[in-house]
Amino acid sequence: MDIIPKPTLLTPNEGRFDLTHDTRIYVTPASVEAMNIGEYLGERLRPATGFALPATPTASAPSFGHIYLSLIDTDAALGEEGYALRVGAEGVTLTAHRPAGLFRGIQTLRQMLPPAIEQRAEQPGPWSLPGVEIRDVPRFSWRGAMLDVSRHFFGVEDVKRYIDHLAYYKVNRFHLHLSDDQGWRIEIKAWPKLTEIGGSTQVGGGPGGFFTQEQYAEIVRYAQSRYIVVVPEIDMPGHTMAALASYPELSREGIMPSLYTGTDVGMSSLNTRSNFTYQFIEDVIREIAELTPGPFIHIGGDEAYKTSEADYVAFIERVQGIIERHGKIMVGWEEIAKARLLPQTVVQFWRGHPSSMALARRAVEQGARIIMSPASRAYLDMKYDRTTPLGHTWAGFVEVQTAYEWDPVGMNMELVEDNIIGVEAPLWSETARTLDDAEYLAFPRLAGINEIGWSCAAGRTWEEYRGRLAAHGPRFAMMGIDFYRSPQVIWPV
Ligand code: TNX
């Protein structure tokens, strides 16, 4: 069974279960939330099978021949996202302690069906599930993916499609990089020029775009329905040219900022010594916090080359206070560890330099936890090899094996498992103009990075993984994903 991420425990069973015209999806309890998950499973399976697969509330286990989703009488050891799955001739039983666990288990079920299940038009079948007993609990609580909608803008429909891809691999954090030098992408009512001016272009000079607050809320709800927490990022004090061009008063005196459509980094900074700047940040954080039910707000903090170290540290500490006052947890790129951090703060490791490792240690000493996104492994915008038409090379080529064969603990950093909250795969969009480009960079690497976040380190090997990954080639194809056919993997024809 070619499930990605690899389940914690999997024992093949005798027999198999066939979906038929008569199969129902029984759900207990009959809560709105549990029924929605049953309905979601039905939606995934109906187009290709042509079966009705009604989600049906029930008080007890159904008789022979159905799918049974149960949130009742399950063990707490499954936690927030774990699930247990049993498939046999008598039917399918998926149990979880919490709704998110049922949702994750459904992704496993989908991956056990033939790839054609992902077609949107009716297929001949048959729709057999192999007999199995699975018990599956994630290793890390943060399994993230980041999409940069600033360098090139991606609209709501594109973002939803990306979220659906993430859900399939059990991702639970969607980090949206909403502002950078080349574009401000989220409406802020108190500062309308941010999107009017700052949202009006992108890398290469295209039309840019932005999310209205309603659209952002729609993305958040969509992600929520997939048990994915949106982590919005407003990058500061650097990476702010679009904001500065919209409100030049945010800049330091004597600088007249203008819109930027190139791809250099590190040339902009908010005026970190002016109260006007903190009023601006206060308003932005307030509006975003109100729109964001998740606990995290990412403030970037990377590559602030135009800010002195002393100013930078004072700035990060002050912003951290603003975030805390709005009831949120601050997340920032590794540079923020230069500042005094609150213990709940989360630090995202990215460059992989010796100095990054020192910063990670400094963060941990302050009680903070680390998201591992080492660029040379986890950056989806690095080229696969020298022939890749898109992407960067500054962190090296990242072939599929390179993206898979590492562990978040033991990158030579003296960090232990508890210091690490999880992993994340960022996709910067300087070279990705369309979602198709983004998908080519993300697939198949994204699948492997999420296996690192979900599955036990023990027993994970590239040789075994690449066999499972090969079986996902036809799945990508059925989903219309134009993926990179790495020569390291023997793809079925
Ligand atoms: C560095 S990664 C950046 C981004 C770029 C990326 C390109 C990080 C925190 N900063 O601004 O888009 O490199 O790979």
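Residues numbered from 1 in each chain as written. Predicted model: local features only at pLDDT ≥ 70, side-chain atom pairs only at ≥ 80, totals over all residues. Heavy atoms only, no water.

Engineer: An account of the site of the ligand is needed here, citing residue identities and associated values.
Structural biologist: What surrounds the ligand is a group of 14 residues, the closest being R151, Y379, D381, W394 and E430. Here an oxygen atom of the ligand sits 2.6 Å away from a polar atom, N or O, in the side chain of E430. For the ligand, the accessible surface in isolation is 360 Å², of which the surrounding protein chains cover 97%. For the shell around the ligand, the class distribution of residues is seven nonpolar, two polar and five charged. (Near = heavy atom within 4 Å. Polar contact = N/O pair within 3.5 Å; in protein donor to acceptor, adjacent residues only side chain to side chain. Areas by Shrake-Rupley, 256 points an atom, 1.4 Å probe, with all protein chains shown as cover. Nonpolar A, V, L, I, M, F, W, Y, C, P; charged D, E, K, R; others polar.)

Engineer: Give a detailed account of the sheet that holds strand 15 (residues 346-349), specifying residues and quantitative values.
Structural biologist: The strand order 8-9-12-13-14-15-16-17 describes a closed barrel built from eight strands, whose pairing is parallel. Averaged over all pairs of adjacent strands, the angle between their axes in this sheet comes to 30 degrees, without regard to strand direction. Where strand 12 (residues 229-236) meets strand 13 (residues 296-300), two bridges bridge the pair, whose relative direction is parallel. In the strand pairing of strand 13, E233 is matched with H298. (Pairing = 2+ DSSP bridges. Helix = DSSP H or I, 4+ residues; strand = E, 2+ residues; numbered from the N terminus. Axes fitted to C-alpha atoms, helices over the stretch in contact; angles between N-to-C directions.)

Engineer: How would you sum up the packing of helix 7 (residues 275-291) against helix 8 (residues 309-325)? Please name residues and give values.
Structural biologist: For the pair helix 7 and helix 8, the least separation of the axes is 10 Å and the interaxial angle reads 35 degrees. At the point where helix 7 passes helix 8, the crossing takes the right-handed sense. Residue-level inspection shows N275, Y278, I281, E282 and I285 of helix 7 in contact with helix 8, the latter providing F315, R318, V319, I322, I323 and R325. Counted by class, the contact of helix 7 with helix 8 contains seven nonpolar, one polar and three charged residues. (Left-handed = near helix turned anticlockwise from the far one by under 90°. Contact = heavy atoms within 4.5 Å.)

Engineer: Outline the pattern of salt bridges, supporting the account with residue identities and numerical values.
Structural biologist: By the definition in use, this model includes 31 salt bridges. D75 is the salt-bridge partner of R135, the closest N and O atoms lying 2.7 Å from each other. With R135 in strand 7 (residues 128-136) and D75 in the loop between strand 4 (66-70) and strand 5 (83-88), the pair connects residues that are 60 residues apart, well separated along the chain. For R135, a relative accessible area of 30% corresponds to the partly exposed category. R361 is paired through a salt bridge with E414; the nearest N and O atoms lie 3.8 Å apart. With R361 in helix 9 (residues 354-365) and E414 in the loop between helix 11 (400-404) and strand 17 (420-427), this pair connects stretches of sequence that are 53 residues apart. Overall, the relative accessible area of 26% leaves R361 in the partly exposed class. (Salt bridge = Lys/Arg side-chain N within 4 Å of Asp/Glu carboxyl O. Buried < 20%, exposed > 50% of the residue type's maximum accessible area, 1.4 Å probe, protein only.)

Engineer: Outline the domain arrangement of the protein chain, listing residues and values.
Structural biologist: You can read the domains of the protein chain as domain 1 (9-136) and domain 2 (142-458). Look at where the C-alpha atoms of domain 1 and domain 2 centre, and you get two points 35 Å apart. Between domain 1 and domain 2, the residue contacts involve 16 residues of the former and eleven residues of the latter. Interface area for domain 1 against domain 2, summed over the two sides, is near 1,200 Å², with a carbon-plus-sulfur share of 50%. Per-residue buried area on domain 1 facing domain 2 is highest for F103, R104 and Q111; these three make up 42% of the total on that side. Counting across the interface, domain 1 meets domain 2 through one salt bridge. As a salt-bridge pair, E81 and R143 come within 2.7 Å of each other at their nearest N and O atoms. Counting across the domain 1 and domain 2 interface gives eight residue pairs in polar contact (both at pLDDT 80 or more). Those elements that place two or more of their residues in the side of domain 1 that touches domain 2 are helix 1 (32-49) and helix 2 (99-112). (Domains from an automatic or database assignment. Buried area = accessible area lost by both parts, 1.4 Å probe.)

Engineer: Explain helix 12 (residues 435-442) to me, using residue names and the numbers behind them.
Structural biologist: For helix 12, a buried count of seven out of eight residues is recorded, marking the element as mostly surrounded by other parts of the structure. What helix 12 keeps buried is the set L435, D437, A438, E439, Y440, L441 and A442. On its buried side, helix 12 packs onto helix 3 (156-168), strand 17 and helix 13 (445-454).

Engineer: Describe the pairing of strand 6 (residues 91-96), with residues and values.
Structural biologist: With five of its six residues buried, strand 6 lies for the most part within the structure. The pairing of strand 4 with strand 6 spans five bridges and is parallel. Note on strand 6: the bridge partner recorded for H66 is G91. Here strand 5 pairs with strand 6 via six bridges, running antiparallel. When the bridges of strand 6 are listed, Y83 appears paired with A96. Between strand 5 and strand 6, which pair antiparallel one after the other, the connecting turn spans two residues.

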